[in-house]
Amino acid sequence: MANLSVAGYGARGKGQLLEPITYESPALGGQDVRVSITHCGVCYTDIQGIDDHYGISTYPFVPGHEIVGTVSAVGTEVKELKVGDRVGIGWQGRSCMKCEWCLQGEEQLCVDVDNCGTWKPYGGFSSSVVVDGRFAYPLPAAMASEHAAVLMCAGISVYAPLREHASGLSRKVAIVGMGGLGHLAVKFAHALGCQVTAISSSAAKKEEALKFGADDFICTKDSDSLSNVRLSFDVLLYTSHGKADWTALINSLRTKGKLVVVGFSDVPVTFDPLELVVHEMSITGSLIGNRATMREMLSFANDHAIAPEVELMPMAQVNQAIRKVKANEARYRIVLFRDAADTAV
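Cut-off values and rules
- Residues numbered from 1 in each chain as written.
- Predicted model: local features only at pLDDT ≥ 70, side-chain atom pairs only at ≥ 80, totals over all residues.
- Heavy atoms only, no water.
- Core = buried A, V, L, I, M, F, W, Y, C linked by side-chain atoms within 4.5 Å.
- Buried < 20%, exposed > 50% of the residue type's maximum accessible area, 1.4 Å probe, protein only.
- Helix = DSSP H or I, 4+ residues; strand = E, 2+ residues; numbered from the N terminus.
- Contact = heavy atoms within 4.5 Å.
- Pairing = 2+ DSSP bridges.
- Axes fitted to C-alpha atoms, helices over the stretch in contact; angles between N-to-C directions.
- Salt bridge = Lys/Arg side-chain N within 4 Å of Asp/Glu carboxyl O.
- Expected span 1.5 Å × (residues − 1).
- Polar contact = N/O pair within 3.5 Å; in protein donor to acceptor, adjacent residues only side chain to side chain.
- Phe/Tyr/Trp six-rings, centres within 6.5 Å; stacked < 30°, edge-to-face > 60°.
- Lys NZ or Arg CZ within 6 Å of the ring centre and 35° of its normal.

1. Concerning the nonpolar core
Nonpolar side chains tend to gather and get buried jointly when the protein is soluble and globular. One finds Phe125, Leu162, Phe188 and Leu336 to be the most contacted residues of the largest nonpolar core, which totals 88 residues. Ranked by residue count, the leading element in this core is helix α3 (residues 145-165), at 11 residues. Excluding residues within four positions of it along the chain, Leu162 makes contact with Ser167, Val173, Ile175, Ala185, Phe188, Ala189, Leu192 and Leu237. Listed in part, the 17 residues of the second largest apolar core include Ile218, Tyr238, Trp246 and Ala248.

If you want it as structure tokens, here you go:
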């Protein structure tokens, strides 16, 4: 049987605006599912993909990896999903399932991770997508699709490191950046029982940060703000991609505190290692999460009524949505939805 034709929005070259394109849907492998897309979030990683920030983009490049939709076809070996199921899909759409990390259940660390992205070969700014069914997650019935979409990347990206490094009553956690990832991190950290401080360069975000669950707020435009909290935090979760005073951030950690980086900085990271050494602090990164943590996150978010703040826009307005994200005008995450103009051929 001939493969389906897919209508999507893709960049034909590095850094170019997205335009409507049509392409043939990949054939289903035994473990694959095809998902008809209803919603897809706009992540800053999509913009970096358009710009080939990671050196792995191929063109035409169809971004999109915060996906919610309905299963429309299943491969012969798929057992846990059926046609009609509503599922969420994040950045990772597959893995080799045989390297040392996959065999340990840490699929996000797959040695072939460059080729594991949902947007390989084409992503979620489209009418449908094909992924390994083991990376398509059934969603709680009560969870809105536009909220679930954002949780599939932003949600897991902050939940996984908070769950590992910061859960527990009275843990003092600071969230650096109050954007798409950061506002969700505040909500998750609060629900995990942490004492939460939100750190932002925008004083205007204080009221909302406190509403999201922060106990305190620091505006980094105040030159003394971080020096006043020296040796204060057990964990700093860095969710931003902009310029930061890394030395001041590190100095705000307590002895044996930990800086966890989940945001990709657009500028080189430099810092004075003195406090890092003297107080035996550590710096680590966190890449999304494994499949077990993804399922746990969805359940936790559902149980604690954790939802991102979203702005809905039709998928045909994808370039306007990208412009808003670039200009830091999204409050706090934009989710595209497919309407009658975004149908497959």
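So much for the structure itself; the text now carries on.
2. Topic: the sheet that holds strand β12 (residues 253-261)
Read across the sheet, six strands follow the order β10-β9-β8-β11-β12-β13 without closing on themselves; strand pairing throughout is parallel. Each end of this open sheet is capped by a strand with a single partner; those strands are β10 (216-219) and β13 (282-285). Adjacent strand axes in the sheet meet at a mean angle of 20° when their direction is disregarded. By the bridge criterion, four bridges tie strand β8 (residues 172-176) to strand β11 (residues 233-238) in an arrangement that is parallel. In the strand pairing of β11, Ala174 is matched with Leu236. Contacting β8, β11, β12 and β13, α3 runs over the sheet at an angle of about 165° to β11. Sheet contacts for helix α4 (residues 180-191): β8, β9 (195-200) and β11; angle to β9, the most-contacted strand, approximately 170°.

3. Considerations on the pattern of salt bridges
Following the criterion strictly, the structure yields 13 salt bridges and no others. Among the ionic pairs, Arg134 bridges to Asp132, the shortest N-O distance being 2.8 Å. Judged by relative accessible area, which is 6%, Asp132 ranks as buried. Residue Asp234 is joined to Arg171 by a salt bridge in which the shortest nitrogen-to-oxygen separation is 3.8 Å. Taken as a pair, Asp234 in strand β11 and Arg171 in the loop between α3 and β8 lie far apart in primary sequence, 63 residues in all. Overall, Asp234 belongs to the buried group, its relative accessible area being 12%. Take Arg171: its relative accessible area is 30%, and that puts it in the partly exposed class.

4. So, α4
In a regular helix each residue adds 1.5 Å, so 12 residues correspond to 16 Å; α4 covers 18 Å between its end C-alpha atoms and thus fits that length. Along α4, the positions that sit buried rather than exposed are Gly180, Leu181, Gly182, His183, Leu184, Ala185, Val186, Lys187, Phe188 and Ala189. Following α4 by one or two positions, Gly193 adopts a phi angle in the positive range, close to 90°.

5. Brief notes about the side chain of Asp85
Looking at the element boundaries, Asp85 is found in the loop between β4 (66-74) and β5 (86-89). Assessed through its relative accessible area of 17%, Asp85 is described here as buried. Polar side-chain contacts of Asp85 include one of 2.9 Å to the side chain of Lys82. Every residue in contact with Asp85, bar those within four places of it in the chain, is listed here: Gly69, Thr70, Val71 and Glu80.

6. Remarks on the environment of Asn115
Along the chain, Asn115 falls in the loop between α2 (100-103) and β6 (128-132). With a relative accessible area of 39%, Asn115 lands in the partly exposed category. With 30 residues separating them in the primary sequence, Asn115 and Asp85 have C-alpha atoms 26 Å apart. Those residues within four positions of Asn115 in sequence are excluded, and the remaining contacts are Arg94 and Lys120.

7. Here's the deal with the packing of aromatic side chains
Taken as a whole and judged by the stated rule, the model has 10 aromatic pairs. An angle of 70° between the planes, with centres 5.0 Å apart, marks the rings of Phe61 and Trp119 as edge-to-face. Here Phe61, found in the loop between α1 (44-50) and β4, pairs with Trp119, found in the loop between α2 and β6; they are 58 residues apart in sequence, far enough to count as distant. Residue classification places Trp119 among the buried positions, given a relative accessible area of 5%. Three or more aromatic residues link up through ring pairs in this structure, and these residues are Tyr59, Phe61, Trp91 and Trp119. For Arg331, the ring lying beneath its charged end belongs to Tyr332, and the centroid distance is 6.0 Å.

It is worth stressing that arrangement in space is one thing and function is another; only the former is reported here.
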